[in-house]
Amino acid sequence: MTQDAASGRMLKNRHIAMIALGGVIGAGLFVGSSSAIAVAGPAVLLAYALCGGLIMVVMRMLGEMVMQQPGLGSFVEYIRQGYGSRAGFVAGWMYWFFWVVAMGSEAIAGGLLLQDWVALPTWLLAVGIILVLMAINLRSVDVFGECEFWLSLLKVASIILFVVMGVLFVGHMFGPGISVRANYFGHGGIAPHGVTALLAVIPTIMFSMIGSEVATVAAAESANPRMGVARVTRSIGVRITVFYLTSIMLLLAIVPWTDVTAGKSPFVAAMTVMGVPGAATIMRIVVFSAILSCLNSSLYITSRILAELARSGNAPALMARHSAQGAPHSALIASTLAGLVVAFCSILSPNVIFSFLLNCSGGVILLVYLLIAVTYLVMKRRQDTPGGSWQAYLSIGGICVVFVAMLLDPTERMTAVASLLNAVFFVCLYDGWQMLARRRDRASAARTEQGYP
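Please read all numbers here as calculations on a predicted model, not as lab measurements.

## Description of the overall build of the chain
Working step 1: Within the chain, the regular secondary structure consists of 20 helices and 0 strands.
Working step 2: Computed over C-alpha atoms, the radius of gyration of the chain comes to 23 Å, within 12% of the 22 Å expected from 2.2 N^0.38 for 453 residues, which places it in the range of a compact globule.
Working step 3: Over its C-alpha atoms, taken along the principal directions, the chain stretches across nearly 90 × 50 × 45 Å.
Working step 4: Buried positions account for 53% of the 453 residues belonging to the chain.
Working step 5: When contacts within the chain are restricted to residue pairs at least 6 apart in sequence, long-range pairs at least 24 apart make up 79% of them.
Working step 6: Within the structure as shown, the chain displays about 19,100 Å² of accessible surface, and the carbon and sulfur contribution to it stands at 68%.
Working step 7: Positive and negative charge centroids in the chain, built from 27 and 18 side chains respectively, lie 3 Å apart.

What follows is the structure, given as structure tokens:
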């Protein structure tokens, strides 16, 4: 850390701030929100508020743990400290697996989007995108931070501009007049498909908001990790309110929810109603920047988590090696190769292997959040600190509700089951890893007794 600081290879405060701001903005908001709106109608706002509240509580717990014991590393190390080596192993590898699958799927999405401008095969464009971002990450952490700063700035500026224009349009400051009341209540009411539909969209919304915790990991590579994490956890509520609730509220006011098509950006529809020229092209550029940002963050977070697992003895020691620039190059290359495998699976076997990987990774982040909540409770009891336990119980209850919603929804049931089985797999993998470690220790001890080096 001192050498990095001396050479300037550390994340600056503006990097951390923009990573935190952009962490919750991705293609899940720009495009994925259409599916939630089409299913739940205007009541989707309540679902966004509930999911945002859950993310806020989890981040507050994580921030409190970091403030009390700064310098341990990522949240995986806090889980390890609070709940043991097995929980740290499972949380770390599940989180790594989640982002590797996200990396592969986002690379293909970027390739498909880029194909409209560059006449090359999708797989080649996807590989090219990943390799370029890997080269950026290999340079040093401040190069990653600078790249992520500008990508996040574009996303943040786009949302802020949309909110400003939306408020002016709804306030009849420009464009044709619209009836906000008619758009909210005139197409079947607030909850046209009932409470069941509201529960059904919660998993989709929850997954679109994931990414805030990346900033807490990035803060560890800043000059003042404790202050960086404090800023991130304090601002999470404002970010979710402004970027999600405000933008979705304006979307529903501008465009009737019945005009929103699942899979197509509702922002394009709203911008078209407002008369913004080139709306489709503008949103295509913004979505592409969001995909690049997600890929950039995926490479960063997977390499750091894998290197941390190696330092804890839960991954091959080779993964802990760092380059002269400070980046964990072995872990970064390994994560990149894993992401490329996932990307090729989506091309060669989209309905079998890739679908299986998506199902296995879909709910694991909720299990990781569950481990964070349980760890928070354990640390509270160890330190005998009064108050705050309600956050953990609220998070645990909320995560259980999400899993119940997934199990009740036929389209999400397989994801919930596969994610739970995925956790069981990593628990078994930990036991196998420990067995191999004990065998290596016995073999090493035997060689020492026999006089071998």
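## Here we look at helix H12 (residues 212-219)
Working step 1: Counting buried positions along H12 yields 8 of 8 residues, so the element is predominantly enclosed.
Working step 2: Among all positions of H12, only Ser212, Glu213, Val214, Ala215, Thr216, Val217, Ala218 and Ala219 are buried.

## Remarks on the environment of Ile190
Working step 1: Assignment of secondary structure puts Ile190 in the loop between helix H10 (180-185) and helix H11 (194-208).
Working step 2: Here Ile190 falls in the partly exposed class, since its relative accessible area comes to 36%.
Working step 3: Residues Ile190 and Tyr244, spaced 54 residues apart in sequence, show a C-alpha to C-alpha distance of 18 Å.

## Structural notes on the packing of aromatic side chains
Working step 1: Within this structure, the stated rule accounts for 16 aromatic pairs.
Working step 2: Of the aromatic side chains, those joined through ring pairs into one cluster are Phe75, Tyr95, Phe98 and Trp99.

## Details of helix H4 (residues 33-40)
Every α-helical turn comprises 3.6 residues, leaving residues that sit three or four positions apart pointing alike.
Working step 1: Taken as a whole, H4 has its buried residues at Ser33, Ser34, Ala36, Ile37 and Ala40. Across the axial projection of H4, the buried residues extend over an arc of 165°, all falling on one side.
Working step 2: Once H4 finishes, Gly41 follows within two positions and takes phi at roughly 70°, a positive value.

## Some thoughts on the packing of H12 against helix H15 (residues 279-311)
Working step 1: Where H12 meets H15, the closest approach of the two axes is 11 Å, and the angle between their N-to-C directions is 55°. It follows that H12 is oblique to H15 by the angle criterion. Crossing geometry of H12 relative to H15 is assigned as left-handed. In this structure, H12 contributes Val214, Val217 and Ala218 to the contact, and H15 contributes Ser297, Tyr300, Ile301 and Arg304.
Working step 2: Its residues assigned to classes, the contact of H12 with H15 shows 5 nonpolar, 1 polar and 1 charged.

## A closer look at the side chain of Ser74
Working step 1: If you trace the backbone, Ser74 turns up in the loop between helix H5 (44-68) and helix H6 (75-83).
Working step 2: Residue class for Ser74 comes out buried when judged on its relative accessible area of 5%.
Working step 3: A distance of 2.4 Å separates the side chain of Ser74 from the side chain of Glu308, its partner in a polar contact.
Working step 4: Discounting residues that sit within four places of it in the chain, Ser74 has contacts with Val217, Ile305 and Glu308.

## Here's the deal with the confidence of the model for the chain
Working step 1: Across the chain, pLDDT averages 83, with 93% of residues at or above 70.
Working step 2: Put simply, helix H1 (residues 2-7) is where the chain has its lowest mean pLDDT, 38, and helix H16 (residues 329-348) is where it has its highest, 91.
Working step 3: Low pLDDT, under 50, characterises residues 1-8; the predicted model gives this stretch 9 contacts beyond four residues in sequence or across chains.

## Details of the pattern of salt bridges
Working step 1: Following the criterion strictly, the structure yields 4 salt bridges and no others.
Working step 2: Here Arg284 makes a salt bridge to Asp116, at a shortest N to O gap of 2.5 Å. Placement of the pair is Arg284 in helix H15 and Asp116 in the loop between helix H7 (85-114) and helix H8 (122-139), with a sequence separation of 168 residues.
Working step 3: Overall, Arg284 belongs to the partly exposed group, its relative accessible area being 29%.

## Here's the deal with a nonpolar patch on the surface
Working step 1: Judged by side-chain polarity, Trp117, Val118, Leu120, Trp123, Leu124, Leu154, Ile285, Phe344, Ile347 and Leu348 come together as a nonpolar surface patch covering roughly 890 Å² of accessible area.
Working step 2: Where the nonpolar patch is concerned, the elements lending two or more residues are H8 and H16.
Working step 3: With 3 residues, H16 is the largest single contributor of residues to the nonpolar patch.

## A look at the environment of Tyr300
Working step 1: Among the structural elements, Tyr300 can be located in helix H15.
Working step 2: C-alpha separation for the pair Tyr300 and Leu332, spaced 32 residues apart in sequence, amounts to 7.5 Å.
Working step 3: In contact with Tyr300, other than residues within four places in its own chain, are Leu11, Asn137, Val141, Phe144, Val217, Ala218 and Glu221.

## Looking at the side chain of Arg304
Working step 1: With respect to the secondary-structure elements, Arg304 resides in helix H15.
Working step 2: A distance of 3.1 Å separates the side chain of Arg304 from the side chain of Ser303, its partner in a polar contact.
Working step 3: Those residues in contact with Arg304 that lie beyond four places of it in its chain are Val141, Val217, Glu221, Ala327 and Pro328.

## Concerning the state of the cysteines
Working step 1: Following the criterion strictly, the structure yields 0 disulfides and no others.
Working step 2: Here Cys294 stays free of any disulfide, with the sulfur of Cys147 as its closest cysteine sulfur at 13 Å.
Working step 3: Cys428 carries a free sulfur, and the closest cysteine sulfur to it, the one in Cys360, is 14 Å from it.

## Observations concerning unusual backbone geometry
Working step 1: A positive phi angle, close to 60°, is found at His172, a residue other than glycine.
Working step 2: Of note, His172 is situated in the loop between helix H9 (141-170) and H10.
Working step 3: Since its relative accessible area comes to 47%, His172 is described here as partly exposed.

About the thresholds
- Residues numbered from 1 in each chain as written.
- Predicted model: local features only at pLDDT ≥ 70, side-chain atom pairs only at ≥ 80, totals over all residues.
- Heavy atoms only, no water.
- Helix = DSSP H or I, 4+ residues; strand = E, 2+ residues; numbered from the N terminus.
- Rg over C-alpha atoms; globule rule 2.2 N^0.38 Å.
- Buried < 20%, exposed > 50% of the residue type's maximum accessible area, 1.4 Å probe, protein only.
- Contact = heavy atoms within 4.5 Å.
- Areas by Shrake-Rupley, 256 points an atom, 1.4 Å probe, with all protein chains shown as cover.
- Lys, Arg positive; Asp, Glu negative; His and termini not counted.
- Charge placed at Lys NZ, Arg CZ, Asp CG, Glu CD.
- Phe/Tyr/Trp six-rings, centres within 6.5 Å; stacked < 30°, edge-to-face > 60°.
- Arc of directions from axis to C-beta.
- Axes fitted to C-alpha atoms, helices over the stretch in contact; angles between N-to-C directions.
- Parallel < 35°, antiparallel > 145°, perpendicular 65-115°, else oblique.
- Left-handed = near helix turned anticlockwise from the far one by under 90°.
- Nonpolar A, V, L, I, M, F, W, Y, C, P; charged D, E, K, R; others polar.
- Polar contact = N/O pair within 3.5 Å; in protein donor to acceptor, adjacent residues only side chain to side chain.
- pLDDT = per-residue confidence, 0-100.
- Salt bridge = Lys/Arg side-chain N within 4 Å of Asp/Glu carboxyl O.
- Patch = residues over 30% accessible without salt bridge, like charges linked within 9 Å, V, L, I, M, F, W, Y side chains within 5 Å.
- Disulfide = S-S within 2.5 Å.

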